[in-house]
Amino acid sequence: MARAAYDAVIVGAGPNGLAAAIVLAAAGRSTLVIEAAATPGGGCRSSALTLPGFVHDPCAAIHPLGAASPLFRSLPLARHGLAWIEPPTPLVHVMADGAAVPLERSLAATAAQFGADAPIYRDLVGPFVARFDDLLPMILGPLRWPADPLLLARFGALGLRSMQGLARRFADERARALLAGIAAHAMIPLDAPATAAFALVLTIAAHAVGWPLARGGSQSIVDALVAHLRELGGELELNHDVTHISELPPARAYLFDVSPRRLATITAGRLPSAYLRRLGSFRYGPGVYKLDWALSAPIPWRDPACARAGTVHLSGSLAAIHHTLVCVHRGEIAAEPFVLLAQPSLFDPTRAPPGMHTAWAYCHVPHGSAADVGARIEAQVEGFAPGFRAVIVARAARTAVDMARYNPNYVGGDINGGLADLRQLFFRPLVRRDPYTTPAPDIFLCSSSTPPGGGVHGMCGYGCARSVLARALA
């Protein structure tokens, strides 16, 4: 029996695919989302990776851009069970000597610790925190004429710099290190242009909305999106791995929440060879190695400030962080990698049995690396939390190769959907007036390989859906 026709079929039920489907269904278009896995979510899932009763987030877990997302904030996700939990301190960066540098929710409290540099920090960050709701929609989208050109130009003058360049404003090494650790989320060396933008966006978000986690695990974000999609009449089909577009039911538009590499495979024969060759030049970034732990007690931090934070960066100066990123891009892993750690159960008791805890950490590794660096990560944590190894009950590890197996969109273990250097930060996956389109008028890309890139915010899907409504479903 022939399958029903739809206005839009979306392949991939990650946050961007679901976001696109919601925008289209809200506009009255018949919409079907098809997902290869048994559960929706892509890089935004929760599961018992270690032991029964312990809830872990295999990928995305801390969500400043999720809480700030203009799309998510416009949807009734709370009615469908989504609750944000905001730790008292969004982030603590630990220096090599063990001293904690907190990024507090309060701008004034964060600035005060930098002494003579306090006015510099306030002047750098404060104006954007005050205009956060105006600034963010201009950042979380493709290049276009901005609603407030002066505000965006002011941000761009700072954000287009390298993190090393931005850090020269500060004499206090703690301020430089705090911002450098945040900029490292870009996964490229800190002398690269636009690395300052990552530091600024995530720092501003910390002061404006915090760095929250989702109660019950990141899966609750996806569950709320799915519930709202179904409320709007959208459909979701699981356990269907699409290998070619010819397998899909008739539709006026096809949207793909997949990597450019996967798009080329699925649409073989439908897109021009010249376009596919250009798509093949899209560059992917470093991978990650990730550990999830079930713990018998909280991490025994030497500095108690670390226990107030949902996220802890370990460790060191701007120069040390830059060195680890340079190593990764040379195909090496530093002896003491820069470690990004989260401890959700301190603030969300649903994550573990009573008295028990969860935590996770990852570090950057070369693209496609199969290296096991778990011992190095645990040594980093133990150095700042003596006795940490003694509270580990179970662990689950994933190399960059494993991450790619878990989610094919993580090519080579790249969780950002593609290298986020200056060119690919703005032009993802290729230089096109409308980055979500392809040469085929009915085929669109809506994954994190389109603007604005990685993160659980749904704005790639939102931008793509707006393009579909204007071009294919007008």
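These lines cover the structure that appears in this document, whether it is placed above or below. (Residues numbered from 1 in each chain as written. Predicted model: local features only at pLDDT ≥ 70, side-chain atom pairs only at ≥ 80, totals over all residues. Heavy atoms only, no water.)

1. Digging into the pairing of strand β1 (residues 6-11)
With six of six residues buried, β1 lies mostly within the body of the structure. In this structure, β1 lies alongside strand β8 (residues 251-256), joined through five bridges in parallel fashion. Bridge assignment links Ile10 to a residue of β8, and that residue is Leu255. Across four bridges, β1 lies against strand β2 (residues 31-34) in parallel orientation. Paired with Ile10 across the two strands is Val33, which belongs to β2. (Buried < 20%, exposed > 50% of the residue type's maximum accessible area, 1.4 Å probe, protein only. Helix = DSSP H or I, 4+ residues; strand = E, 2+ residues; numbered from the N terminus. Pairing = 2+ DSSP bridges.)

2. Comments concerning the packing of aromatic side chains
Following the criterion strictly, the structure yields five aromatic pairs and no others. Pairing Phe114 with Tyr121 gives two aromatic rings, centres 5.5 Å apart and planes at 55 degrees, and the pair type is tilted. The burial state of Phe114 is the same as that of Tyr121; both residues are buried. Ring centres of Phe128 and Phe155 lie 5.6 Å apart, and the angle between their planes is 85 degrees; on these two criteria the pair is classed as edge-to-face. On the criterion of sequence distance, the pair formed by Phe128 in helix α5 (residues 118-130) and Phe155 in helix α7 (residues 149-159) is long-range, its members being 27 residues apart. For the pair Phe128 and Phe155, one class covers both residues: buried. The ring of Phe128 is capped by Arg154, whose NZ or CZ atom sits 5.9 Å from the centre of that ring. A cation over a ring is seen here: Arg398 above Tyr406, with NZ or CZ 4.3 Å from the ring centre. (Phe/Tyr/Trp six-rings, centres within 6.5 Å; stacked < 30°, edge-to-face > 60°. Lys NZ or Arg CZ within 6 Å of the ring centre and 35° of its normal.)

3. Brief notes about the sheet that holds β2
In any sheet, the strands associate via hydrogen bonds between backbone groups, in a parallel or an antiparallel arrangement. One open sheet accounts for five strands, arranged β7-β2-β1-β8-β14; its pairing is parallel. The open sheet has two edge strands, β7 (235-237) and β14 (443-445), and neither has a second partner. The sheet shows a mean angle of 20 degrees between the axes of neighbouring strands, direction not considered. Packed onto the sheet, helix α1 (residues 15-26) meets β1, β2 and β8 and runs at close to 170 degrees relative to β2. (Axes fitted to C-alpha atoms, helices over the stretch in contact; angles between N-to-C directions. Contact = heavy atoms within 4.5 Å.)

4. Details of α7
Looking only at α7, the buried set comprises Leu151, Phe155, Leu158 and Gly159. Taken end-on, α7 shows its buried residues confined to a sector of 95 degrees, consistent with a single buried face. The exposed residues of α7 that point more than 90 degrees off its buried face are Leu150 and Ala157. Buried positions along α7 lie against α5, α6 (132-139), α8 (163-167) and α10 (195-208). (Arc of directions from axis to C-beta.)

5. Structural notes on unusual backbone geometry
A cis geometry characterises the amide bond from Leu314 onward to Ser315, with omega recorded as 0 degrees. You can see Ser315 is positioned in the loop between β10 (309-314) and α14 (318-329). In this structure, Pro429 follows Arg428 across a cis peptide bond, with omega equal to -5 degrees. Secondary-structure assignment places Pro429 in the loop between α17 (422-426) and β14. Unlike most non-glycine residues, Met187 shows phi in positive territory, near 65 degrees. Mapping Met187 onto the fold places it in the loop between α9 (173-183) and α10. Judged by relative accessible area, Met187 falls into the buried class, the value being 2%. For Ala194, which is not glycine, the phi dihedral falls at a positive 75 degrees. Tracing the chain through its elements places Ala194 in the loop between α9 and α10.

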